[in-house]
Each structure stands twice: as structure tokens, then as C-alpha cells.
Amino acid sequence: MTYSPRFKRWLIMMFVSVLMAVLVLLLSIMLGERSIPPLDAIRTLLGLDDQGEYRYTILTLRFPRALVGFLAGGGLALAGVILQAITRNPLASPGVLGLNSGAAAAAVAIIVLVPSFPMSQLPLVAFGGAVIAATLIYTLSWNKGSSPVRLLLVGIGISAMAGALITYLLTAGGIFRVTQASIWMAGSLYGRTWEHVFPLLFWLAVLFPITLILSRHLDVLQFEDNTSTGLGVRLERMRVFCLLVSVALAGAAVSMAGTIGFVGLMAPHICRPLIGGRSKWLLPAAMITGGLLVMTADLLGRTLFTPYEIPVGIMTAIIGAPYMVYLLLRR
Amino acid sequence: MKLRLKGLVILLILVAAAFVLNMCLGLSRIDAKDVLQAFTAFDGSREHLIVRSVRLPRALIAMMVGCALALAGGIMQALTRNALAGPEIFGVNYGAALAAVTASFLLGFSSLKLFAWSAFAGSALVGGAIFALVSLGRGRMTPAKLVLAGATINLLLASITQGILIVHQQSLDTMRFWLAGSLTGRDLDLFIQVLPYLLAGLLGALAMGKQIDLLSLGDETARGLGQKIALTKTIMIILVILLTGSSVAIAGPIGFIGLAVPHIAKYFTGSDYRWILPYSAGLGALILLLTDIGARYVLPSQEIPVGVVTAFLGAPVLIYIAQRRGGLK
């Protein structure tokens, strides 16, 4: 059996990135305030060490945290691939388009205005915010059909308004709530446990196959509107559906991990030159890459400047920015 | 020609009216007569004190900052030939915020003066650099690309600012009001210190109207008509830095005046920048004065920072432009 060179490259890339992800996961479990030797870490992780002294540190603290990071990154990366396809703009991402700030505005409003609101319900609120933002963006960019450029510009406008709302809320609330809100906004994986892992895993498990089914349509949506219609795609319906899927992905990620920027932008860009732009190949590769990025960023954020912990959202911004500048200069 | 001149005179009258109104209205309402007497026959009464020490600085700042931001937006749109250029797109506000937060973090104290000058430096650095990059480069960015690039850079600056605020929590409490771009509690002394830079930018921009108009026609045309392009562009970048830097230093980050107002001006004047710029200046002053009044009445018990209100009014303008021009290719 012969494979095309592109498929071979894809296989290699998947293999390497999965390997790296496992490696970073292992490092995330080992490193921290108290370092754990690799062998003990693996034994504890695999459950071979029932009475082990590291059980709590690994199974309750570090492992779920790393998993949440990986899943959130994967979700954001998938959302990024979809958004870049439907806006036909390689610089689109959930952050730029305003999904993140919609989610953040809703969450901050609840944190500041309803002090008794249980933090565990926050994800639902954030998710609602992302959905509202997406609905606004889509309906406002409607002008006898939606256009990718309009979608993008309206998204930036909505994002600015959400930002203004956040600014106002931050001046209106008491300083304690405001501090809490701003930490949440920075995108932190601090204190993430299994109750964050499972909802995220569920969403990804449902949505990832859907994105794969959509991949052929995503490729078609990247052509000009006329071409796509000619190819028999029901353009508008498809665009709405893709947008919905990406909102669900980004919303789930943001609600569990706070606003983590630049991952949805970076992950597809890292993969595209290596394996090409076909969505079928790009989606899984971008997902692993996105997860790897967030896990690595979180690992660096919590180990580089101990005792300070830099929230993962800020780490991804610091890593993502030079990359973004590079993309801008290259064009 | 006559008509546009008349319009400008009417605009100036409106600005004057809004200026007086801005001093009259508020939590304690003061008659226009009392406002006038506070200057002609000051008697030390509570009303007169409020007018002289609170209302007057605030109205002055609103007027000048509105002028400056709108002019800066106009120049940016002319030079980049880009309908969606504006100070906020070029990272001026977030650059200022980052600089102010960094300065108070590194130096360990915070005062309005420190915020003002570091914000001036930050906005000049970020805004000037991006503006120069966009306008001096050979390739021309489409409006959508420009906005996207701006949004991304703003996102980055905002995250770094947020990071510093988290590590350095006590500055969050003092900074959050400054960061909202409010006209309350601004310092008149500071305003006077910054004023020369602002006026230099203002007068320079109005004097350069003809050159700016030529340049807005395209590099080739302007060169053909005998303009020294590099020199003009450099002067324009300096003007923009003066205008945006000084307004951020005085009032903190106030968004969307610079992006939206030149479009409103164009609606009245057509595409001649010799008229767009003075109209923008007048309209910018008018709109910020009125917005500042409105910000006192949105919520019953408290004031909303004017920067929040301008964003809520200005973002729809961005959306409207995107709607009207369709693809904006």
C-alpha cells in the first residue's frame, strides 16, 4: 500500500505531536512546588501505586489541571480552524472575533453583580455570553446574506462593546470581587479539578466528530461565495452551523479555563505549513497542537516565576504575540 | 464653499452651547446665569466653587480631548487611505494603559502625574510605531486587515496589562478608574502642563489640511503635484503622536471618537480634508461634551466613565460602516 507524501507527513506530525503532548503531560505532573521523580509519577498515574505518597498531588491536583489545559486548548484550536475557514481570513480566532470577550463580559457581570452566585455555575454563564455574542455578530452582519469580512468587523465591534462593559463593571464592583473577576478573565487553570475535566471532555467528544464531518464543507466555504454555491453547498445554512459549532467549542473551553487567547489563532497556523490546508487533516493536528500549547504555557506559567503563578492566558499571549507579529509582517 | 463655512460657524456655536450645558447639568444643577457669574462676579458660594473647580476643568478637558482624538482619527484615515483607521485601532489606548500600569508597578507608587506621562509615552510609542509601520510601508492594507491587526495587538497589550495587575494587586484598585477613561477628578494643573503639546498638534493638523488632502489622493498624485512625501508623512506621524499622547495623558483611554467622528464629518463636507479636519475637530468636541453630559444620567445614582459610553456609541458606528460598505475590499 502506498501513501501520498502529504499523508505521510500528516502521520509523522500526528505522531510527533502526540508524543510531545504525552511528554509535556508527564512533565506537568512531575514538576511543581514539590518535584516528583518520573518513575513514581508514571506508576501513580497508572494506578500501580495505590498507597503512594504522591497520589493526592498527582491525581487530584496536577493531572486534572493538565487535562483541562489540553482539552481547552484543543477546543480553542478547533474553533480557530473553523472560524478561519468561514471568515476566509487566516487571522481570525475566537479571541479576535469577540466570542471570548462575550463570555468574559457575562462572567464578570455575574461575579461582580451577584456576589452569592456559586462559582461552579460560572461556566454556564460564560457559555451563555459566548452564544449571545455570536448571535449578535451574526444578525448584525446580515445584509442580504452574510459576508466573511463583515462577520469579522462586526465581531471586533461587539468585542469592543463587551470590553467597555467589562471596564464599567470593574469600576462598579467592590475590589474583592473585581480582583476575582480579573483573575478569571486572565485565563487561569489554577484549582481545576475533575469536575472541570468531564464536562469539557464530553463537549469535545461530541463536537470533534462533528467538525470532522463538516471538514469537507469547511474546505468549500473557503472559496468565494459564488464558487461554493456552484458546488451545491447551502452556503448560509452551513455557515451558521459551523459558527454554532465553533461557539460551542470556544464557549466550553473559555467557560472551564477562562479567556485564553491566541491559541485558536496559532494552532492552525503552526500546522498549515506542515500538512497543508485540507480541513480533514488540519482539524485533528490543530487540536493536538492547541492542547500542547496550552499545557506547555501553563507548565511554564506556574514553574518559571515561582512563587508567582502567571495565568495561562497571559502566557499564551506572550508566546502568541511574536508569532502574530511574524504573520503580519510576512503578509 | 460658503455653505461649508457657514456650517463650521454653526458647529462652533453648538460647541459653545454644549460647553455651557456641560457646566450647568449634573448632580447639582446650576443655572447658566450662575455659571456666568462664577467668572464675572465670583462670590465664593457653593455653586460658584463647583463651577470653577469641578465643572470648568471637566468641560475644558472634554472639549480639547474630543477635538484632538477626532483630528488624530482624521489624519490617520487620510494617510492610510483607510476608512477604519483610528487611534484605538492602532493600539494607542492599550499602549497607554500598559505603560501606566508598568510604570506604577516598577516604581512602586501611583499618582495621576505618573499615569499621565507614562501614558503619553506608551501611547506615543505603540501608536506611533504601528501608524508608521502601516503608513510608510509600500503595500496598502485593506480596512479589514488593518482592524484585525489592530485588534490582535490590542489583545496582546491588554493581556500583559492584566498580568501585571494580577501580580500587583494594589494597583488594580487605583488603576481601574483611570483605565476606564473618565473625565471626573482629572487634574487641571496636569491639563495645563499637557496643553502645549495638545495645542501644537491641533494647530499643526489644521495648518496641514492642504498637504493632508493632497496625500489622501495617493502617493503618486501627491508626488506629481510637487509634495515632499516623506517629509509630510513624518510630520503627520508626529502630529498624531502629539494629539493622541496628550489626550490619553489627560483623560485616560477614550475609544471610538477618533474612528467614528471623521466619518460623521465626511457626511457633511464631502471628501476634502481641508474641511474634514476642522469639522472633525468641532464635531469631536461637541460629541465628547454631550457624551460626558449623558454619562451623568445613564444610571440614576452614579456616573458611568465616559470612555465606556463612547465605546457603546462608537462600536455601532464601526458596525454600520462595515454594513454599508459591504465587503470593504
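The structure presented is a predicted model; accordingly, all values stated were derived computationally and were not measured. (Residues numbered from 1 in each chain as written. Chains lettered and ligands numbered in written order. Predicted model: local features only at pLDDT ≥ 70, side-chain atom pairs only at ≥ 80, totals over all residues. Heavy atoms only, no water.)

**Some remarks on the pattern of salt bridges**
All names here are of chain B.
Inference 1: Inspection of the entire model under this criterion finds nine salt bridges over all chains.
Inference 2: Arg58 is the salt-bridge partner of Asp292, the closest N and O atoms lying 2.7 Å from each other. Here Arg58 lies in helix α3 (residues 46-80) and Asp292 lies in helix α13 (residues 273-295), a separation of 234 residues in the sequence.
Inference 3: Where Asp292 meets Arg296, a salt bridge forms, and the shortest distance between an N and an O atom there is 3.0 Å. Accessibility assignment for this pair places Asp292 and Arg296 in one class, buried.
Inference 4: Within this structure, Arg58, Asp292, Arg296 and Glu303 form a network of salt bridges that share partners. (Salt bridge = Lys/Arg side-chain N within 4 Å of Asp/Glu carboxyl O. Helix = DSSP H or I, 4+ residues; strand = E, 2+ residues; numbered from the N terminus. Buried < 20%, exposed > 50% of the residue type's maximum accessible area, 1.4 Å probe, protein only.)

**Observations regarding the nonpolar core**
Soluble globular proteins tend to bury their nonpolar side chains together.
Inference 1: One finds Trp184 of chain A together with Ile75 of chain B to be the most contacted residues of the largest nonpolar core, which totals 230 residues.
Inference 2: Looking at which element gives the most residues to this core, the answer is α3 of chain B, with 19 residues.
Inference 3: Residues within four places of Trp184 of chain A in sequence aside, it is in contact with Ala103, Ala104, Ala107, Ile111, Leu122, Ala126, Val254, Gly258 and Thr259 of chain A. (Core = buried A, V, L, I, M, F, W, Y, C linked by side-chain atoms within 4.5 Å. Contact = heavy atoms within 4.5 Å.)

**So, the confidence of the model for chain B**
All names here are of chain B.
Inference 1: Here chain B shows a mean pLDDT of 84. Residues at 70 or above account for 95%.
Inference 2: Taking the mean pLDDT of every element in chain B, the minimum, 75, falls on helix α7 (residues 169-179) and the maximum, 92, on α13.
Inference 3: Scoring the predicted complex yields pTM 0.83 and, for the interface, ipTM 0.82. (pLDDT = per-residue confidence, 0-100.)

**Some details on helix α1 (residues 2-24) of chain B**
Residue and element names in this part refer to chain B.
Inference 1: The first and last C-alpha atoms of α1 sit 33 Å apart over 23 residues, in line with the 33 Å expected at 1.5 Å per residue.
Inference 2: In this structure, the buried residues of α1 make contact with α2 (32-40), α3 and α13.
Inference 3: Immediately beyond the C-terminal end of α1, within one or two residues, lies Gly26, with a positive phi of roughly 150°. (Expected span 1.5 Å × (residues − 1).)

**Some words on the interface of chain B and chain A**
Inference 1: Each partner contributes residues to the interface: chain B has 41 residues there, and chain A has 44 residues.
Inference 2: Together chain B and chain A conceal approximately 3700 Å² of surface at their shared face, both sides included; 79% is due to carbon and sulfur atoms.
Inference 3: Here chain B and chain A share zero salt bridges between them.
Inference 4: Our count for the chain B to chain A interface comes out at zero residue pairs in polar contact (both at pLDDT 80 or more).
Inference 5: Those elements that place two or more of their residues in the side of chain B that touches chain A are α6 (143-167), α7 and α14 (306-324) of chain B.
Inference 6: At 14 residues, the largest contribution of residues to the side of chain B that touches chain A is made by α6 of chain B.
Inference 7: The residue inventory of the side of chain B that touches chain A, partitioned by class, reads 28 nonpolar, nine polar and four charged. (Buried area = accessible area lost by both parts, 1.4 Å probe. Polar contact = N/O pair within 3.5 Å; in protein donor to acceptor, adjacent residues only side chain to side chain. Nonpolar A, V, L, I, M, F, W, Y, C, P; charged D, E, K, R; others polar.)

**As for the packing of aromatic side chains**
Inference 1: If you walk through the whole model with that rule in mind, you get 11 aromatic pairs over all chains.
Inference 2: Ring geometry for Trp194 of chain A against Phe198 of chain A: centres 5.8 Å apart, planes inclined by 25°, an arrangement best described as stacked. Of this pair, Trp194 of chain A and Phe198 of chain A are both found in helix α9 (residues 194-221), four residues apart, which corresponds to roughly one turn of the helix.
Inference 3: Under the relative-accessibility criterion, Trp194 of chain A is labelled partly exposed at 29%.
Inference 4: With centroids separated by 6.0 Å and ring planes inclined at 10°, the aromatic side chains of Trp117 of chain B and Phe120 of chain B adopt a geometry described as stacked. (Phe/Tyr/Trp six-rings, centres within 6.5 Å; stacked < 30°, edge-to-face > 60°.)

**So, the side chain of Asp213 of chain B**
All names here are of chain B.
Inference 1: Note that Asp213 resides in helix α9 (residues 209-216).
Inference 2: One buried charged residue, Asp213, forms no salt bridge at all, with the nearest opposite charge on Arg274 at 4.2 Å.
Inference 3: Once residues within four sequence positions are removed from consideration, Asp213 is found in contact with Ser271, Asp272, Tyr273 and Arg274. (Lys, Arg positive; Asp, Glu negative; His and termini not counted.)

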